Amino acid sequence: MDPIFDLIKQETERQRKQVQLIPSENFISEEVKSALGSDLSNKYAEGYPGKRYYQGNKIVDEIEQLAIDRGKKLFGVPHLNVQPYSGSPANMAVLVGLLEHGGKFYGMQLSAGGHLTHGHPGVTFSGKYFQSMQYGVNEEGKIDYEKMAQDVEREKPKLIFVGATAYPWILEWEKFSRMAKSVNAWLVADVSHIAGLIVGGVHPDPAPFVDIITSTTHKTLRGPRGAIIGVTENGLAKDPEAAKKIDKSVFPGLQGGPHLNNIAAMAVAFEEASRPEFKKYAEQIVKNSIVLAQTLKSEGLKVLGTENHLMLIDVGEGMGKEVAQRLEENDIIVNKNTIPNEQGSPFRPSGLRIGTPAMTTRGWVEKDFEELGKRMAQIIKK
Ligand code: DSN
């Protein structure tokens, strides 16, 4: 037998045996897995349903249309593209589709909890081929909405990205909307981390306030690796061509054939996320997160958060890597992370990023996280 299958088996066992606390990871259902491993992977279908460049697409047209229809309903948007291969290509498609080369836009700093594609300077397409301005967080690790509004007023960016990978607080969409409207900028919500919380009703919904929504589908949403781009009613009112611009930017602008097995798996995940039990799941993620943060704090650790699925722990300057390794030796998987006003570096940061979505999928509740918090604190303080 090909040794790859033994390695896959070992990885499955590792995932089951250890405590998985990386906030961007989750466990997909057997149904999502079955769609991912299907014969849809064999098919090419450049284009969109009803307008393809290959023959033999009657069935996959129905599949993609079903994913689009389910996703539109779930995210409350009139237009949805389900073809982006993942979050970074989705964000690239938005920037390329809506801005001129070199256009000015505003995004959250990586070290404050933002994402590389939100304008990180020097090394990313978003920082190299566009004029990116970056906003950070205040002493408490929170967005300073007033300062940000003043900066937006002064700099007049053409687009504002809101969304984060390590921000444990609620995002106040209405405030961002006022800023964007004041300078007629596109407002883009990248909800990759919190999509499952939004559709589960435990984080405010950006759809009534923003123009565009991007999201990966594999984090709290619990679907396959992949991403979506939604255009809201506001987006279409701002520019009736917005949907066309986004679609053209994804294909043929940046991508080739869509990964239809992924798209079918997304359709399955969207249906799962629309069930009442998913709402309970989302509620439990946040309850678990709050209990874990409280336990770690009561054990004397410096915890930032939380109002959502994740928190940051300050473990001392440059100590994130070492402490994350020590936790791994004890079968607890987290990731080292920068903290607001970081004194270390992204490779030797001072924090840990911890989240509850994966273990909540496995059925963990408050008492499990309380017990875990006490165990983690002992290991971290060692
Ligand atoms: N890599 C993702 C995360 O872990 O949050 C962001 O793209």
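Report follows, based on the coordinates.

So, on to the sheet that holds strand S10 (residues 227–231). What links the strands of a sheet is backbone hydrogen bonding, and the strands pair in either a parallel or an antiparallel sense. Across the sheet, seven strands lie side by side as S4-S10-S9-S8-S7-S5-S6; this open sheet has mixed pairing. Looking at which strands have only one partner, the edges of the open sheet turn out to be strand S4 (79–81) and strand S6 (131–135). Adjacent strand axes in the sheet meet at a mean angle of 20°, parallel and antiparallel pairs treated alike.

As a matter of local geometry, the ligand sits amid Ser24, His115, Thr165, His193, Lys219 and Arg353. Contacts to the ligand include His193, whose side-chain N or O atom sits 2.7 Å from an oxygen atom. In isolation the ligand exposes 230 Å². Once the protein is present, 63% of that is buried. Of the residues in the shell around the ligand, the class split is no nonpolar, four polar and two charged.

Here the structure, examined in full by the defined rule, presents 20 salt bridges. Between Glu30 and Lys33 there is a salt bridge whose closest N-O contact spans 3.3 Å. One end of the pair, Glu30, and the other, Lys33, are both in helix H2 (residues 30–36), three residues apart, so they sit about a helical turn from each other. A relative accessible area of 52% means that Glu30 is categorised as exposed.

A few words now on the packing of helix H3 (residues 58–75) against helix H11 (residues 260–273). Running from amino to carboxyl end, H3 crosses H11 at an angle of 35°, the nearest separation of the two axes being 9 Å. Of the two elements, H3 crosses H11, and the hand of that crossing is left-handed. For the pair H3 and H11, contact is made by Val60, Ile63, Glu64, Ala67, Arg70, Gly71, Leu74 and Phe75 and by Leu260, Ile263, Ala264, Ala267, Val268, Phe270, Glu271 and Ala273, respectively. Here the residues of the contact of H3 with H11 are counted per class, giving twelve nonpolar, one polar and three charged.

Moving on, we get to the packing of aromatic side chains. The final tally for this structure, using the stated rule, is ten aromatic pairs. For the ring pair Phe75 and Phe270, a centre distance of 6.4 Å and an interplane angle of 85° mean the geometry is edge-to-face. Residue Phe75 is located in helix H3, and its partner Phe270 is located in helix H11; the two are separated by 195 residues in the primary sequence. Residue Phe270 is classed as buried on the basis of its relative accessible area of 2%.

Once that is clear, we can look at the sheet that holds strand S11 (residues 302–304). Read from one edge to the other, the open sheet built from four strands follows the order S11-S12-S15-S14, with strand pairing classed as antiparallel. Taken across any chain shown, the strands that pair with only one partner, and hence form the sheet edges, are S11 and strand S14 (335–337). Adjacent strand axes in the sheet meet at a mean angle of 35° when their direction is disregarded. Bridging between S11 and strand S12 (residues 310–314) involves three bridges; their strand directions are antiparallel. Considered in S12, the bridge of Val303 is made with Ile313. Packing of helix H12 (residues 276–298) onto the sheet brings it into contact with S11, S12 and strand S15 (351–355), and relative to S12 it is tilted by some 15°.

On to the packing of helix H4 (residues 87–98) against helix H10 (residues 242–254). Any two packed helices are characterised by how steeply their axes cross, that is the angle between the axes, and by the distance between the axes. One can describe the packing of H4 onto H10 by two numbers: an axis separation of 8 Å at closest approach and a directional angle of 115°. It follows that H4 is roughly perpendicular to H10 by the angle criterion. Note on packing geometry: the crossing formed by H4 with H10 is right-handed. Together, Pro89, Met92, Ala93, Val94, Val96, Gly97 and Leu98 of H4 and Lys245, Ile246, Ser249, Val250 and Leu254 of H10 make up the contact between the two elements. Classifying every residue of the contact of H4 with H10 by side-chain character gives nine nonpolar, two polar and one charged.

Our next topic: unusual backbone geometry. Omega for the peptide link from Phe251 to Pro252 comes to 10°, which places this bond in the cis form. Assignment of secondary structure puts Pro252 in helix H10. For the bond from Gly305 to Thr306, the omega torsion is 15°, close enough to zero to count as cis. On the secondary structure map, Thr306 appears in the loop between S11 and S12. If you check the backbone angles, Arg222 has positive phi at about 70° while not being a glycine. Checked against the element boundaries, Arg222 lands in the loop between strand S9 (212–216) and S10.

Rules used throughout
Residues numbered from 1 in each chain as written. Predicted model: local features only at pLDDT ≥ 70, side-chain atom pairs only at ≥ 80, totals over all residues. Heavy atoms only, no water. Pairing = 2+ DSSP bridges. Helix = DSSP H or I, 4+ residues; strand = E, 2+ residues; numbered from the N terminus. Axes fitted to C-alpha atoms, helices over the stretch in contact; angles between N-to-C directions. Near = heavy atom within 4 Å. Polar contact = N/O pair within 3.5 Å; in protein donor to acceptor, adjacent residues only side chain to side chain. Areas by Shrake-Rupley, 256 points an atom, 1.4 Å probe, with all protein chains shown as cover. Nonpolar A, V, L, I, M, F, W, Y, C, P; charged D, E, K, R; others polar. Salt bridge = Lys/Arg side-chain N within 4 Å of Asp/Glu carboxyl O. Buried < 20%, exposed > 50% of the residue type's maximum accessible area, 1.4 Å probe, protein only. Left-handed = near helix turned anticlockwise from the far one by under 90°. Contact = heavy atoms within 4.5 Å. Phe/Tyr/Trp six-rings, centres within 6.5 Å; stacked < 30°, edge-to-face > 60°. Parallel < 35°, antiparallel > 145°, perpendicular 65-115°, else oblique.

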